[in-house]
Amino acid sequence: MIRSQRWKGAAFTVPFQLGFVFLYLLPIGYAVYQSLYLQKQSGLGLGGATREFVGLENYQNGLTDSAFMSSILRVVLFASVQIPFMLLISLVLALLLDAVTSKVAGRFRILLLVPYMIPGVVAAIVWVNLYSPEVGPLTPLGELFGFDWNFFAPSMVWPAIGNLLTWHGIGYNMVIIYAALQGVPRELFEAARLDGASELRIARSIKIPYVRGALVLTALLSIIQMLQIFNEPALFRNVTPQTVSDDFAPIMIIYNQAFNAGNYNYAAALSVLLALFLGVASFLFYRLTSREAD
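Starting from 1, residues in each chain are numbered consecutively following that chain's sequence as written. Local features in this predicted model are restricted to residues of pLDDT 70 or higher, and side-chain atom pairs are both shown and tallied only at a pLDDT of 80 or more, whereas totals for entire chains, interfaces and linings draw on every residue. As a rule here, side-chain values cover all heavy atoms of the structure and leave hydrogens and water aside.

1. Observations regarding a nonpolar patch on the surface
In step 1: Taken together, the side chains of V14, F16, L18, F20, V21, F22, L23, Y24, L25, L26, I28 and V32 define a hydrophobic patch exposed on the protein surface, amounting to about 1,200 Å² of accessible area.
In step 2: Following the sequence through the fold, F22 ends up in helix α2 (residues 14–35). For patch building, the residue pool is restricted to those with more than 30% relative accessible area and no salt bridge; the joining distance is 9 Å between like charges and 5 Å between nonpolar side chains (Val, Leu, Ile, Met, Phe, Trp, Tyr). Here the Shrake-Rupley method, with its probe set to 1.4 Å, supplies the accessible areas, and only the displayed protein chains count as covering residues. Each reported salt bridge corresponds to a side-chain nitrogen of Lys or Arg within 4 Å of a carboxyl oxygen of Asp or Glu. Secondary structure is summarised from DSSP: a helix means a run of H or I of at least four residues, a strand means a run of E of at least two, and numbering begins at the N terminus for each.

2. Considering the packing of aromatic side chains
In step 1: Each pair of aromatic rings taken from Phe, Tyr and Trp, with Trp reduced to its six-membered ring, is defined by centres within 6.5 Å and is described as stacked if the planes are under 30 degrees apart, edge-to-face if over 60, and tilted in the remaining cases. Applying the stated criterion across every chain, the model contains 16 aromatic pairs.
In step 2: When the centroid spacing of 6.1 Å and the interplanar angle of 50° are considered together, the rings of Y131 and F236 count as tilted. Taken together, the positions of Y131 in helix α6 (residues 120–131) and F236 in helix α12 (residues 231–239) put the pair 105 residues apart, joining distant regions of the chain.
In step 3: Burial classes: relative accessible area under 20% of the type maximum marks a residue as buried, over 50% as exposed, and values in between as partly exposed (1.4 Å probe, protein chains only). Owing to a relative accessible area of 1%, Y131 belongs among the buried residues under this scheme.
In step 4: Look at Y255 and F259: their rings are 5.0 Å apart centre to centre, the planes differ by 40°, and that puts the pair in the tilted class. One end of the pair is Y255 and the other is F259, both in helix α13 (residues 250–260) and 4 residues apart, which spans about a single turn.
In step 5: By way of ring pairs, the aromatic residues W127, Y131, W149, F151, F152, W167 and F236 are connected into one cluster.
In step 6: Counting as a charge over the ring demands two things of the Lys NZ or Arg CZ atom: a distance within 6 Å of the ring centre and an angle within 35 degrees of the ring normal. It is R74 that lies over the ring of F248; its NZ or CZ is 5.6 Å from the centre.
In step 7: The ring of F189 has K207 lying over it, and the distance from NZ or CZ to the ring centre is 5.0 Å.

3. Comments concerning the pattern of salt bridges
In step 1: One pass over the full model with this rule turns up 4 salt bridges.
In step 2: Put simply, R186 and D98 hold a salt bridge, and the shortest N to O gap is 3.4 Å. Of this pair, R186 sits in helix α9 (residues 186–194) while D98 sits in helix α4 (residues 66–99), and the two are 88 residues apart along the sequence.
In step 3: Look at D98 and you get buried, because its relative accessible area is 9%.
In step 4: E199 serves as the salt-bridge partner of R193, at 2.7 Å between the closest nitrogen and oxygen.

Right, here's the structure in full:
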């Protein structure tokens, strides 16, 4: 009887397992397989292409590809500024929501979550038009207050993209942190108030330590998402190709190698390298934050 119930319970996981195998494991395995080969043109290219096993040659070329490694470094430096800034705002908003009544918090929680509900491509298109000096309102508004800014200038591209990503991601991270705050025992707050602690001291000494796990989770998800950034710089490139190059982000290089240059094998190798880098970065970040928590 117990075994029968276990099999019935396991049957509910079959759709997930099939999706995981066919949508994740098989594509990853196929990408690794493709990365071990190379399409070579015979003669002047008129004799057709031959498929040759090259082993780890594509990986070696990827590790020595200055454009690819520079794009990873560029995104990492940007993430080291944008992610802490975004999480700080999300934490402050979550603390403010936790300080008000549940009815008021419910209304503002939905309002703050609206940007995340907008698809990333749509959000990027909206902000690109807002940044536009021809049709957007931000440039005339800046001139009204004496600011001569151009969001498509080389010095403003990353702040413009960072503002877009922060606006789009604040609500999601805020909800995760706010949910963690709801699990904090309310008795601790009452005891701290009886001891004369201010609301700021309660937030710093009780609430923030309790939501450390949520902060680590949101930071980890943000790191993974940031290293796969594509939509925002790709749309900016359509508007200002002289500022945003086609090797601006790692995924842009992989996309160009696969669909513009037709070098699928090298693109597969770069994809595997990026996935390995993401895995190592996520593992190191988790171990580092876990050790600090201990």
